[in-house]
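Topology and contacts: notes
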Amino acid sequence: KAGVTQTPRYLIKTRGQQVTLSCSPISGHRSVSWYQQTPGQGLQFLFEYFSETQRNKGNFPGRFSGRQFSNSRSEMNVSTLELGDSALYLCASSSGRSSYEQYFGPGTRLTVT
Amino acid sequence: GENVEQHPSTLSVQEGDSAVIKCTYSDSASNYFPWYKQELGKGPQLIIDIRSNVGEKKDQRIAVTLNKTAKHFSLHITETQPEDSAVYFCAAIPYNAGNMLTFGGGTRLMVKP
């Protein structure tokens, strides 16, 4: 099976802009979670989508949003970018049923200047 | 919410020695505890996990132990090899939290040849 894919892999944006990141889960997986990884805060949960519905949300401002499509692919959007949004954004895929196992993609490295 | 602490933050061992990384968690309702290995430029890779109804689990050179009473769990790597060098993260998911992983701060393991 193909693994989790994320596009783009690298992105440079300017403060105030918005950005959309994409994640394609492992075939058959219905749950997609997003995480932010920074040197200072470590790995932090953003939100989880299961069957196109947001199932959980972490403690991030409303500028961070996401959605999931009927084919389980997911996007996350960050509006009005701030310098502190520079991070590695990771997507994780899970079957979403009784299994908790999550498999991560390679991430999108976002740099805000 | 859940809080996971991980120690040590860095660990240096000689090739062939054992390595142990420890984590404590705060939410007694947590019931799933995975360990991830992250190499430079890659997303975290699930290497082993354990559920709250199991005390120990082994997979070749890797083992995880869980002490529910003390709310701590540990990763044991035996016969370490240079390719084991990476950052290791522990995590926990509380019951009824979907797939929301709370991560420890990470341990940078260096295996010297």
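In the block above lies the structure referred to throughout.
Cut-offs applied
- Residues numbered from 1 in each chain as written.
- Chains lettered and ligands numbered in written order.
- Predicted model: local features only at pLDDT ≥ 70, side-chain atom pairs only at ≥ 80, totals over all residues.
- Heavy atoms only, no water.
- Contact = heavy atoms within 4.5 Å.
- Buried area = accessible area lost by both parts, 1.4 Å probe.
- Salt bridge = Lys/Arg side-chain N within 4 Å of Asp/Glu carboxyl O.
- Polar contact = N/O pair within 3.5 Å; in protein donor to acceptor, adjacent residues only side chain to side chain.
- Helix = DSSP H or I, 4+ residues; strand = E, 2+ residues; numbered from the N terminus.
- Phe/Tyr/Trp six-rings, centres within 6.5 Å; stacked < 30°, edge-to-face > 60°.
- Buried < 20%, exposed > 50% of the residue type's maximum accessible area, 1.4 Å probe, protein only.

It is worth spelling out the interface of chain A and chain B at this point. Of the residues lining the interface, 23 residues belong to chain A; the matching set on chain B comes to 19 residues. Buried area between chain A and chain B, summed over both chains or domains, comes out near 1,700 Å², and the portion from carbon and sulfur atoms is 54%. Where chain A touches chain B, the interface holds 0 salt bridges. Across the chain A-chain B interface, the total number found is 10 residue pairs in polar contact (both at pLDDT 80 or more). Counting only elements with at least two residues in the side of chain A that touches chain B, the list comes to strand S4 (31–38), strand S5 (42–50), strand S6 (53–57), strand S9 (87–94) and strand S10 (103–104) of chain A. Broken down by element, the residue count for the side of chain A that touches chain B peaks at 4 residues, all from S4(A).

What follows covers the packing of aromatic side chains. A full pass over the atoms with the stated rule returns 14 aromatic pairs over all chains. Ring plane angle 50° and centroid distance 5.4 Å describe the contact between A:Tyr35 and A:Phe104, whose orientation is recorded as tilted. Within this pair, whereas A:Tyr35 is found in strand S4, its partner A:Phe104 is found in strand S10, the two being separated by 69 residues in sequence. With a centroid separation of 5.2 Å and an interplanar angle of 90°, the aromatic rings of A:Phe104 and B:Tyr36 are classed as edge-to-face. Of this pair, A:Phe104 sits in strand S10 while B:Tyr36 sits in strand S4 (residues 30–38), each in a different chain. With a relative accessible area of 0%, B:Tyr36 lands in the buried category.

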